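An overview of the molecular structure
Here is how the chains run, residue by residue.
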Amino acid sequence: MFVSLNWLKNYVTLPTGTTPQEVALKLTMSTVEVDGVEEQGKNLEGIVVGKILEVAGHPNADKLKVCQVDLGDKKVQIVCGGSNVQKNMLVAVAQIGAKVHWHGEGELVEMKPIAIRGVDSAGMICAATEIGLGNRFPTKEEKEILDLSSVHRLKAGMPLTKALGLDDVIIEIDNKSMTNRPDLWGHYGLGRELAAIYSKKLHKYSPPEIKPGKEKKITVEVEDVKLCPRYMAVEVGNVKVGPSPVWLQEKLLAVGLHPINNIVDITNYVMLDLGQPMHAFDSKLFKAEKILVRRAKDGEEFITLDEQKHLLDSSMLVIADNDKVVALAGVMGGLDSGITDETTKIVFESANFEAVTTRRSSIKLGLRTDSSARFEKSLDPNLCDVALKRAVELTLECCPEAVVTSNVADESHFHLQQGPLETTFTFLNKKIGMEVEKKQIVGVLERLGFTVKTNSDTLSVGVTNWRATKDITIPEDVVEEVSRIYGYDNIKTTLPVFPIVPPEKNTLRALENKARDLLVTNQGYTEVYNYSFVSSEQIQNLGDNVATYVELGNTLSKEKPFLRRQMITNLLENVEHNLEYSNQLRILEIGKTFLPDKPGVRSGEQSDELLPRQDSILTAVFVDKKNSVPFWQARLAAEVILPDLGYAWEAINLPQLYNWQHPTRSAGIQVQNVLVGQIYEIHPLVASNFGIEEKVGVLEINLTKLNELVTPAVVYEPVAVYPEIVRDLAIILSKEITHAEVSKNILETDPLLKQVELFDVYEGENIASGFKSMAYHLTLANKERTLTTAEADIVQEKVVSVLKNKFKAEVRH
């Protein structure tokens with residue numbers, strides 16, 4: 001939003017010497033975010049009004065003219081290529097030393113004496129775009145120069161800044177920074193804010209009362225008072241539509257609006273002045289004896305002022321007479337009732353429309369207007385009355401013969417929540433973080449328009465009407481008001497004082513993270529995330545009983561209304577979706593399962609109702625189109641991660657626990673005599689139900705149960721002083737032999753062996769059926785000296801001998 005500093009000064013007298021930059025900084029630090037400050041005439045130095053005395057053809061160029069120009073104190077010759085240049089024309093002349101944008105583009109260029117096609121030229125007759133006034137004076141042709149002949153009271157030699165009233169400073173405010181401040185969308189509201197910031201008196205805004213006429217009686221019927229809390233209207237006759245006064249045009253131009261005619265300009269001026277949008281209808285085209293504020297009909301057609309046709313629906317609010325819709329409430333008026341040069345009677349509308357409905361209508365129709373931008377911020381309904389009075393006052397000034405010809409219709413149904421808000425000085429100071437004197441707190445609130453009553457430490461704050469529309473509602477809002485006007489820079493920065501207690505360690509989460517990292521980094525698994533919901537079809541494909549599942553009453557998806565009992569259900573869908581793109585899949589998921597037949601935690605602190613048991617389950621799935629027994633890869637995953645998690649484990653025989661398990665290829669995972677998981681293959685029929693032809697190996701570990709077990713204490717050793725020797729050893733042995741058994745026997749072979757790491761398991765070509773290849777890194781070290789190669793060879797030979805004798809293993813070369 002663009003704000004005129006001169007306009008603001010109509011309502012508040014700023015301290016002497018206050019610069020525009022200081023005003024912008026004050027506003028930024030306390031109220032809104034200022035994007036920029038621009039002096040209107042900053043690039044117009046040396047540019048004056050000139051009067052063309054003579055125009056002659058250029059002797060060497062058909063499209064150029066040689067002009068004799070009066071600059072007040074001197075006459076100069078200027079060569080000009082303007083298409084509309086003519087004798088007695090008032091123009092903008094850039095004198096020698098002035099700077100312009102050549103042809104309206106690029107950087108500023110300084111004017112110097114020059115000969116153009118052999119003819120001397122002392123300056124430049126400017127187009128509007130060349131001196132930054134393109135928006136103010138739009139051109140019709142490319143080579144058209146700025147014609148100032150129609151501007152009143154101009155004299156040759158007058159500085160252009162003075163001639164056009166370009167002595168203002170424009171402050172650009174970021175609209176997003178004041179979405180919660182409907183009172184700041186007009187100059188008076190911002191002036192009120194500056195008065196509070198600078199502790200200055202705010203000039204009263206009090207337009208005269210409207211003297212009603214008797215020619216017409218206007219009535220208003222509001223269908224839904226929630227959508228339109230207030231609607232006011234009045235008719236003014238004997239209106240003569242024409243150009244606005246110069247001062248009004250200059251006000252609008254300063255903030256980026258083009259003057260249209262006196263009536264439309266008045267409505268725009270009042271909106272920019274007070275923040276209250278208004279609309280003016282042609283009384284001949286709008287039968288306003290009875291104004292209807294109603295919902296639009298579904299499919300109702302409406303043509304807006306921009307000549308665009310729109311299809312409305314019943315979520316939108318419209319203004320209508322008995323025959324037709326004349327305006328889309330809070331957004332834009334209709335083409336059929338707009339002001340024209342022939343208009344002699346007008347109806348002013350000053351209303352308050354509900355914010356959400358206005359915004360939704362605006363977005364649906366793609367109509368973002370200055371009006372909708374303000375209504376969607378929740379304006380104060382009291383503004384309607386002040387704005388209507390001001391509009392009528394300006395109309396009577398601009399059209400001396402105009403008279404009010406109707407009553408002032410006012411359909412009002414609103415109530416503002418103005419408190420009072422009860423709080424204490426102690427509360428305010430605690431929130432601010434320092435002691436602010438009671439007198440200062442009360443002074444700040446009163447300058448902002450609040451009513452304040454105090455009693456010892458208590459504070460009763462009455463909310464002023466322009467801040468009572470969803471803005472100031474809780475005591476913390478009062479804290480913010482005091483803080484920002486007191487000055488955030490005046491609040492001392494101190495660190496909070498509180499005991500630093502480390503948070504309680506979540507051992508289950510740490511276990512989940514470590515298990516995930518081990519599978520991803522050591523085994524190449526990819527983690528997936530699925531919703532916790534499953535469908536009845538999935539449950540049936542799994543061979544499970546739907547009756548044992550928790551069914552949700554309010555589901556995210558109607559297709560999946562049940563909470564999962566195991567992770568494998570959705571993982572099998574992941575396999576089916578991804579296997580066509582890859583020959584091998586290694587995926588894992590960690591999440592909660594929901595078992596209503598087992599008791600979980602209480603639903604509330606005082607409740608006896610127990611929720612379903614919700615354990616954290618790690619499930620890893622391995623599929624390889626070339627691997628006929630994925631069970632061993634699933635087992636390898638367990639062999640790799642469980643020891644690194646700090647748990648000694650063993651595989652035990654179990655009967656088939658679930659229908660989706662292979663009847664023979666399964667084993668239990670036992671830690672400290674507790675069953676914490678399983679390794680198995682998916683039953684071929686179940687895999688087929690999910691569209692999977694390959695065999696699927698699965699590792700399941702109940703991390704909640706595992707976390708409840710005691711882990712051995714970690715023993716730390718100093719880093720070896722002498723270098724280690726790492727040897728690789730690959731052996732072929734029976735599939736029945738586990739990594740844990742092999743690792744244990746290797747480490748017991750010789751004290752020089754410090755670490756055994758499995759880095760590969762292979763089943764395939766050149767490996768006999770029923771056997772597998774296991775490859776290890778063997779780390780050897782001596783705490784007292786550097787090992788020799790010969791010593792390492794002896795240890796490796798001992799390891800090979802032990803493995804041959806114990807497991808009938810063969811070295812793979």
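My aim in this report is to walk through the structure given alongside it, one point at a time. Predicted model only: the values in this text are computed from it and were never measured.

The rules we used
Residues numbered from 1 in each chain as written. Predicted model: local features only at pLDDT ≥ 70, side-chain atom pairs only at ≥ 80, totals over all residues. Heavy atoms only, no water. Phe/Tyr/Trp six-rings, centres within 6.5 Å; stacked < 30°, edge-to-face > 60°. Helix = DSSP H or I, 4+ residues; strand = E, 2+ residues; numbered from the N terminus. Buried < 20%, exposed > 50% of the residue type's maximum accessible area, 1.4 Å probe, protein only. Lys NZ or Arg CZ within 6 Å of the ring centre and 35° of its normal. Salt bridge = Lys/Arg side-chain N within 4 Å of Asp/Glu carboxyl O. Contact = heavy atoms within 4.5 Å. Pairing = 2+ DSSP bridges. Axes fitted to C-alpha atoms, helices over the stretch in contact; angles between N-to-C directions. Parallel < 35°, antiparallel > 145°, perpendicular 65-115°, else oblique. Left-handed = near helix turned anticlockwise from the far one by under 90°. Nonpolar A, V, L, I, M, F, W, Y, C, P; charged D, E, K, R; others polar. Patch = residues over 30% accessible without salt bridge, like charges linked within 9 Å, V, L, I, M, F, W, Y side chains within 5 Å. Areas by Shrake-Rupley, 256 points an atom, 1.4 Å probe, with all protein chains shown as cover.

Quick look at the packing of aromatic side chains now. All chains considered together, the criterion is met by 9 aromatic pairs. Judged by centre distance (5.0 Å) and plane angle (10°), the rings of W7 and Y269 are stacked. On the criterion of sequence distance, the pair formed by W7 in helix α1 (residues 5–8) and Y269 in helix α6 (residues 262–274) is long-range, its members being 262 residues apart. There is no split in this pair, since W7 and Y269 are both buried. Among the aromatic residues, ring-to-ring pairing joins W7, W247 and Y269 into one connected group. One residue, K26, lies across the ring of Y198, its end atom 5.8 Å from the ring centre.

Under the counting rule described, the total for this entry stands at 35 salt bridges. The partner of E193 in a salt bridge is R484, and the shortest N-O contact between them spans 2.4 Å. With E193 in helix α4 (residues 187–198) and R484 in helix α12 (residues 475–486), this pair connects stretches of sequence that are 291 residues apart. Take E193: its relative accessible area is 3%, and that puts it in the buried class. One network of salt bridges, in which partners are shared, links R181, D183, E193, R467, D471, E481 and R484.

Within the element layout of this structure, S378 appears in the loop between α8 (370–375) and α9 (383–398). For S378, a relative accessible area of 12% gives the class buried. Contact partners of S378, with chain neighbours within four places excluded, come to P182, A355, T469 and K470.

This next bit is on the pairing of strand β39 (residues 725–734). Relative to strand β41 (residues 771–780), β39 is paired through 10 bridges, and the arrangement is antiparallel. Bridge pairing links A730 to A775 in β41. Pairing of β39 with strand β42 (residues 810–811), which is carried by 2 bridges, proceeds in the antiparallel orientation. Paired with I732 across the bridge in β42 is E810.

Ordered in space as β5-β4-β3-β6-β11, the 5 strands form an open sheet in which the pairing is antiparallel. Among the strands making up the open sheet, the edge pair consists of β5 (75–80) and β11 (124–125). The pairing of strand β3 (residues 47–58) with strand β6 (residues 90–94) spans 5 bridges and is antiparallel. The partner of G50 across the bridge, within β6, is V91.

Right, let's talk about the packing of helix α13 (residues 507–523) against helix α16 (residues 631–645) for a bit. At a minimum axis separation of 10 Å, α13 and α16 run at an interaxial angle of 130°. Here α13 lies oblique to α16, going by the angle between them. In the packing of α13 onto α16, the handedness of the crossing is right-handed. Note on element contacts: α16 touches α13 through L636, A637, V640, I641, D644 and L645, opposite L511, K514, A515, L518, L519, N522 and Q523. In the contact of α13 with α16, the residues fall into 9 nonpolar, 2 polar and 2 charged.

Moving on to the environment of G72. Here G72 lies in the loop between β4 (61–70) and β5. Each C-alpha atom, one on G72 and one on K155, is 7.6 Å from the other, the two residues being 83 residues apart in sequence. With near-sequence residues (within four places) excluded, G72 lies in contact with A156 and G157.

This next bit is on a nonpolar patch on the surface. A contiguous nonpolar patch, built from I303, L305 and L335 and spanning about 220 Å² of accessible area, is present on the exposed surface. By the secondary structure assignment, L335 is in the loop between β21 (332–333) and β22 (346–352).

With that settled, consider the pairing of β3. Bridging between β3 and β4 involves 7 bridges; their strand directions are antiparallel. Its bridge partner being in β4, E54 is matched across the sheet by Q68.

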